[in-house]
Amino acid sequence: MPIELVCPAGSPAMLKAAVEAGADSVYCGLRDDTNARNFPGLNFSPGELAESVAWAHARGAKVLTAVNTFARAGAADRWRGSVDAAAEAGVDAVIVADLGVLAYARKAWPDLRLHLSVQAAAGSPEGIAFYAREYGVRRVVLPRVLSVGEIAALMREIEVETEAFVFGGLCVMAEGRCALSSYATGRSPNLSGVCSPPEAVTYTEEEGGAMTSRLAGLALDRYAPGEPAGYPTLCKGRFEVGGALSYLFEDPVSLNAIGLLTDLRKAGVTAVKVEGRQRGKAYVARVAATFRKAIDLLERGGDPSALSAELTHLAEGGRETAGAYRKTWR
């Protein structure tokens with residue numbers, strides 16, 4: 001079977017753009033804090049989700065709905081309601097991280113396909129077997145800390161499908177454990193579905209044309225005149241430590257693993273995933289079309305690595321990396 005191409009959909013229009021450009025599946029969320037991209041102007045109402053599922057199914061594409069933040073005490077009904085809305089809309093799977101939400105989904109909707117979110121950070125055979133045995137999870141979205149060799153070794157010991165990120169923004173290397181955004185702003189992707197909320201972001205032009213980016217008033221980076229300024233998140237800030245100025249947690253670059261598609265297929269990966277529900281229709285259309293071409297080329301015995309340069313201009317700050325797949329960081 002060819003590798004499945006899974007693309008982001010932050011809106012019904014973006015969903016259509018992804019499918020028309022060649023996505024096999026799209027993933028989206030409802031318009032609340034039950035999904036990890038809870039930004040103003042993004043996501044779906046229950047009615048929009050149902051209409052989009054019908055539209056995608058008519059064109060042979062699948063819709064996966066993310067209910068992938070962690071439910072809070074006293075508010076779990078919202079997460080259960082999102083599972084209900086997704087199931088009633090006829091989605092092909094829900095992507096879940098929270099154990100309680102998984103338990104509810106399996107009990108209330110026994111025929112609903114369950115995928116384990118990257119937020120759950122399941123990267124060992126024993127952990128994955130637990131989720132498959134206890135909750136019937138059929139696919140695991142792999143944490144972005146595994147090399148290709150480690151994925152291959154993992155695949156030899158598990159019986160579920162796997163999905164690996166191949167393009168887009170990179171989060172700090174501790175899936176589902178982010179406390180940095182909540183430290184600065186009081187809101188986190190794990191609980192609120194928001195990393196570095198836009199209302200907390202500012203850019204200030206300094207003397208001489210330099211630019212300083214801030215999050216909730218905290219200076220995170222300073223850019224020379226004309227230097228691309230990335231979106232300010234604490235994990236990608238530039239700090240002085242021990243007298244040296246460096247990106248302490250993670251470089252502000254984007255993942256582009258199109259050159260590793262051959263290796264990922266050999267490792268046994270079921271699906272590859274593009275990040276970017278907060279991006280626009282043009283972004284998803286371009287990325288989906290390029291990965292569609294790459295996967296089709298791979299299926300014909302070709303080498304898709306030459307297509308990598310076609311997406312460089314979409315990388316954050318114009319810079320990209322193979323991430324942990326090659327583990328070349330210092």
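Residues numbered from 1 in each chain as written. Predicted model: local features only at pLDDT ≥ 70, side-chain atom pairs only at ≥ 80, totals over all residues. Heavy atoms only, no water.

**Student:** How do you make sense of the overall build of the protein when you look at a structure like this?
**Tutor:** Along its length, the protein carries nine helices and 15 strands. With 330 residues in all, the protein has 52% of them scored as buried. Of all intrachain contacts in the protein linking residues separated by at least 6 positions in sequence, the fraction that spans at least 24 positions is 63%. Of the roughly 14100 Å² of accessible surface on the protein, a fraction of 53% belongs to carbon and sulfur atoms. Looking at charge distribution, the protein has the averaged site of its 36 positive side-chain charges lying 1 Å from that of its 38 negative ones. (Helix = DSSP H or I, 4+ residues; strand = E, 2+ residues; numbered from the N terminus. Buried < 20%, exposed > 50% of the residue type's maximum accessible area, 1.4 Å probe, protein only. Contact = heavy atoms within 4.5 Å. Areas by Shrake-Rupley, 256 points an atom, 1.4 Å probe, with all protein chains shown as cover. Lys, Arg positive; Asp, Glu negative; His and termini not counted. Charge placed at Lys NZ, Arg CZ, Asp CG, Glu CD.)

**Student:** Explain the environment of glutamate 227 to me, please; I cannot follow it from the model alone.
**Tutor:** Its location among the elements puts glutamate 227 in the loop between strand 10 (218-223) and strand 11 (238-241). In this view, glutamate 227 contacts Arg222 and Arg238; residues no more than four positions away in its chain are not counted. At 2.8 Å, the side chain of glutamate 227 and the backbone nitrogen of alanine 224 are in polar contact. (Polar contact = N/O pair within 3.5 Å; in protein donor to acceptor, adjacent residues only side chain to side chain.)

**Student:** What is the right way to read the sheet that holds strand 10 from this model?
**Tutor:** Judged by pairing direction, the sheet is antiparallel, and its three strands sit side by side in the order 8-9-10 without closing on themselves. The outermost strands of the open sheet, each flanked by one partner alone, are strand 8 (201-205) and strand 10. On average, each strand axis in the sheet is tilted by 25° relative to the strand beside it, whichever way the strands run. Pairing geometry for strand 9 (residues 211-215) and strand 10, over five bridges, is antiparallel. Counterpart to serine 213 in the pairing with strand 10 is aspartate 221. (Pairing = 2+ DSSP bridges. Axes fitted to C-alpha atoms, helices over the stretch in contact; angles between N-to-C directions.)

**Student:** Please clarify how the packing of aromatic side chains should be interpreted in this entry.
**Tutor:** Two descriptors summarise a pair of aromatic rings, namely the distance from one centre to the other and the angle between the planes of the rings. Per the stated rule, a full pass over the model turns up five aromatic pairs. Relative to tyrosine 131, the ring of phenylalanine 130 has its centre 5.5 Å away and its plane inclined at 75°; by these criteria the two rings are edge-to-face. Phenylalanine 130 gets classed as partly exposed once you look at its relative accessible area, which sits at 31%. Classification of tyrosine 131 as buried rests on a relative accessible area of 12%. Both rings, one in tyrosine 131 and one in tyrosine 135, keep their centres 6.4 Å apart while their planes meet at 40°; by these two values the pair is tilted. Taken as a pair, tyrosine 131 and tyrosine 135 lie in helix 5 (residues 125-135) at a separation of four residues, close to a single helical turn. A relative accessible area of 14% places tyrosine 135 in the buried class. Among the aromatic residues, those joined into a ring-pair cluster are Phe130, Tyr131 and Tyr135. The ring of phenylalanine 165 is capped by arginine 144, whose NZ or CZ atom sits 4.0 Å from the centre of that ring. Against the face of tyrosine 27 rests lysine 273, its NZ or CZ located 4.3 Å from the ring centre. (Phe/Tyr/Trp six-rings, centres within 6.5 Å; stacked < 30°, edge-to-face > 60°. Lys NZ or Arg CZ within 6 Å of the ring centre and 35° of its normal.)

**Student:** Explain helix 2 (residues 46-57) to me, please; I cannot follow it from the model alone.
**Tutor:** It helps to recall that an α-helix has 3.6 residues per turn; residues three or four apart then point in one direction. Helix length check: helix 2 (twelve residues) gives 17 Å between terminal C-alpha atoms against 16 Å at 1.5 Å per residue, within 8%. Of all the residues in helix 2, the buried ones are Leu49, Ser52, Val53, Trp55 and Ala56. The arc that holds the buried residues of helix 2, viewed along the axis, is 165°, so those residues lie on one side. (Expected span 1.5 Å × (residues − 1). Arc of directions from axis to C-beta.)

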